[in-house]
Amino acid sequence: MAAEGGGKETNEIKTQFTTREGVYKLLTHSEYSRPNRVPFNSQGSNPVKVSFVNVNDQSGNGDRICFNVGRELYFYIYKGVRKAADLSKPVDKRIYKGTQPTCHDFNPLTATAESVSLLVGFSAGQVQLIDPIKKETSKLFNEERLIDKSRVTCVRWVPGSESLFLVAHSSGSMYLYNVENTCGTTAPHYQLLKQGDNFAVHTCKSKSARNPLLRWTVGEGALNEFAFSPDGKFLACASQDGFLRVFGFDAAELHGTMKSYFGGLLCVCWSPDGRYIVAGGEDDLVTVWSFLDCRVIARGHGHKSWVSVVAFDHCTTSVEDGELPAEFSGSDEDFHEQIHFGAGRERANSSHSRLSKRNSTESRPVSVTYRFGSVGQDTQLCLWDLTEDILFPHLPLSRTRTHTNVMSATSPTATGQTVTTVSITSTTNSSGTNGKDNVSDGSAGGNPANALPDPLPRSNSLPQATNPAGGSTPNSHTGSSCSSSSSKGNSIIDSAFIATKFATLSLHDSRKERNEKDHKRNHSMGHISSKSSDKLNQLSSSRTVKAEAAKTLGTTLCPRMEEVPLLEPLVCKKIAHERLTVLIFLEDCLVTACQEGFICTWARPGKVVSLQAF
């Protein structure tokens, strides 16, 4: 439940916190919850999730909020920092029997003041398309559970599409749907379209168009969350096997991989410019991974239990652009050995459009601060600043160091780390608290918490040209996997339609369908089920975890703790009584939610206004 710690002050719930830009304040009158405001008994229920959409209402109050609490789903007009929440007037409320909503997503392309398209995933595997403004239910997908019987862990509209959406399940599979197609009355038959390192993509064999268009099988165990890159071209997947896998979405090509320090990965997000990915999970760490270099560039330690959500703050991130020769191509290190730093640069605010030059060779960020946040089962909110001394450790700083500290990289021996990792993983308890502190505290030994760190050694940057001891070449199983996606590659979505029309033409040799027991895997997504089958799955996988940790630790897939900078949080505050499940950054506030069913609004500095009546 609450984070462990001695003393009353440690367990006190914070209602404000201070960063370099000012004070963030909790707006108690802008709290959303069930109408009775009674804390929800969350025992055995799915995590509370929140989705936002803007319907472009001319009144200036176009934000809408959707959240699930247990068997209930609510849809409200979101008044944010402007007005107090009126919980007595939900636009729509639904109560489900026999299943619970687990996740949801609005389509921003089709949203209007009169109609919105909302996808809702359920614990029994179904996906529902509803319009909470019109109070209509349009379609139910996987209604008979013929496609997948396991819990829906994540659902997202494909960026730029009004009809395509992607659904992940705890079976480890993802499915691409088209809202215009039916799901059929029989179980789908698949044929292999593409196969790679621990993933496969199948197309549905059918003489007529039907769902799903594609089936992805990714890693081992549950696929806990996925996230599209800002330009919609790449897909990052966080899996229970501890791997982050990044794919080129249209061509289904594996771009790169990363392994958690131990345990499963539960959450993932992209930086606004698409250059960095942050993942969090059961190792209590946040891990920063470079998309361009396909390597871990930093880890952050501040949580005392599993990390539930990570998210970038696009409003606080800032970039100063530098010009790049038109013909240049290479890694960040190569680039910064060639670039000239004498030119004047103008600081830019971090709007999404400003940072959208993600893979452009015309300009590269030189001076940059990325702000991201994380919340966890320890009930704590952490804010982090990722600065240029971490991103580009070989270069002199072009501005003053920010408040985010970098802990000196001293740690126990590799053998000690491996043994500790295995013992903690195999004894994780049902509350999600796994006692990781002794590992991270050891890795930060000898440095005062607020002391300025010594300059990081060159080895901390892990240049891609060199392999750590025990490592291997890129694209191997234990080394870094990073391959560039060809712009001329055929789209797998197009291939799926072709295969539907010409079902008799086999693209590859047929493969055996995955055993039905794959659908019974129900590893943790953000909470631990008490079902005996889950416990058996965890015990049976402990040997695999040991073997995997031994293979990857010390390679570019999973550097040792002393091989990459270790960040301390800019802010680390206990803000709830129950585990936190939501963190969303909006223009004038940030939104958090806990498992008790309370959705909290934190006004940004200078954004607090006198709350008006309903």
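Here the structure is a predicted model, which is why all the values come from computation and not from measurement.

This paragraph deals with the packing of aromatic side chains. Taken as a whole and assessed by the stated rule, the structure comprises 25 aromatic pairs. A centroid spacing of 5.7 Å and a plane angle of 65° characterise the contact between Tyr32 and Tyr76, whose relative ring orientation is edge-to-face. Separated by 44 residues along the polypeptide, Tyr32 in the loop between strand S2 (22-26) and strand S3 (50-54) and Tyr76 in strand S5 (residues 72-77) bring together distant segments of the chain. The class of Tyr32 is buried, set by a relative accessible area of 1%. One aromatic cluster in this structure is built from Tyr32, Phe52, Phe67, Tyr74, Tyr76 and Tyr78. Cation over ring: Arg215 sits above Tyr190, and NZ or CZ is 4.3 Å from the ring centre. Across the ring face of Phe243, the terminal group of Lys259 is positioned such that the distance to the ring centre comes to 5.9 Å.

One pass over the full model with this rule turns up eleven salt bridges. With a closest N to O distance of 3.9 Å, Arg34 and Glu72 form a salt bridge. Of this pair, Arg34 sits in the loop between S2 and S3 while Glu72 sits in strand S5, and the two are 38 residues apart along the sequence. Each member of the pair, Arg34 together with Glu72, is buried. The partner of Asp273 in a salt bridge is Arg275, with the nearest N and O atoms 3.6 Å apart. With respect to burial, Asp273 and Arg275 carry one shared label: buried. Overlapping salt bridges bring together Arg20, Glu21, Arg371 and Asp385 as one network.

Here the focus is the pairing of strand S13 (residues 173-178). In terms of burial, S13 is largely enclosed, as six of its six residues are buried. Of the two faces of S13, the one carrying Ser173, Tyr175 and Tyr177 and the one carrying Met174, Leu176 and Asn178 are both buried. Where strand S12 (residues 164-169) meets S13, five bridges bridge the pair, whose relative direction is antiparallel. Bridge pairing in S13 links Ala168 to Met174. Hairpin connection, S12 to S13: the antiparallel pair is bridged by three residues, and Gly172 has positive phi, about 95°. In this structure, S13 lies alongside strand S16 (residues 214-218), joined through four bridges in antiparallel fashion. Residue pairing for S16: Leu176 is matched across the bridge by Leu214.

Attention now moves to the environment of Asp273. For Asp273, the location among the structural elements is in the loop between strand S21 (265-270) and strand S22 (276-281). Sequence separation of Asp273 and Ser229 is 44 residues, and the distance between their C-alpha atoms is 8.6 Å. There is a polar contact of 3.2 Å between the side chain of Asp273 and the backbone nitrogen of Arg275.

Residues annotated in UniProt with the feature "repeat: WD" (unreviewed entry) correspond here to residues 258-290. From the first C-alpha to the last, residues 258-290 spans 10 Å; its make-up is 0% helix and 61% strand.

In this model, the protein carries an average pLDDT of 76, and 64% of its residues clear a pLDDT of 70 or more. A low-confidence stretch, residues 500-538 (pLDDT under 50), is modelled with 76 contacts involving residues beyond four sequence positions or located in other chains.

This paragraph deals with the sheet that holds S12. On the basis of which strands lie adjacent, the open sheet formed by six strands has the order S11-S12-S13-S16-S15-S14 and antiparallel pairing. Pairing within the sheet leaves two strands with one partner each, and these edge strands are strand S11 (152-157) and strand S14 (189-196). Direction aside, the axes of adjacent strands within the sheet are offset by 20° on average. Bridging between S14 and strand S15 (residues 199-205) involves seven bridges; their strand directions are antiparallel. Looking across to S15, one finds that Gln191 is bridged to Thr203.

As a further point, take unusual backbone geometry. Residue Pro212 is bonded to the preceding Asn211 through a cis peptide linkage, with omega at 0°. Among the structural elements, Pro212 can be located in the loop between S15 and S16. Notably, Thr379 is not glycine yet its phi reads approximately 70°, a positive angle. Within the element layout of this structure, Thr379 appears in the loop between strand S28 (363-376) and strand S29 (380-387).

Rules used in this analysis
Residues numbered from 1 in each chain as written. Predicted model: local features only at pLDDT ≥ 70, side-chain atom pairs only at ≥ 80, totals over all residues. Heavy atoms only, no water. Phe/Tyr/Trp six-rings, centres within 6.5 Å; stacked < 30°, edge-to-face > 60°. Helix = DSSP H or I, 4+ residues; strand = E, 2+ residues; numbered from the N terminus. Buried < 20%, exposed > 50% of the residue type's maximum accessible area, 1.4 Å probe, protein only. Lys NZ or Arg CZ within 6 Å of the ring centre and 35° of its normal. Salt bridge = Lys/Arg side-chain N within 4 Å of Asp/Glu carboxyl O. Pairing = 2+ DSSP bridges. Polar contact = N/O pair within 3.5 Å; in protein donor to acceptor, adjacent residues only side chain to side chain. UniProt positions renumbered as here; feature names shortened; annotations may be inferred. pLDDT = per-residue confidence, 0-100. Contact = heavy atoms within 4.5 Å. Axes fitted to C-alpha atoms, helices over the stretch in contact; angles between N-to-C directions.

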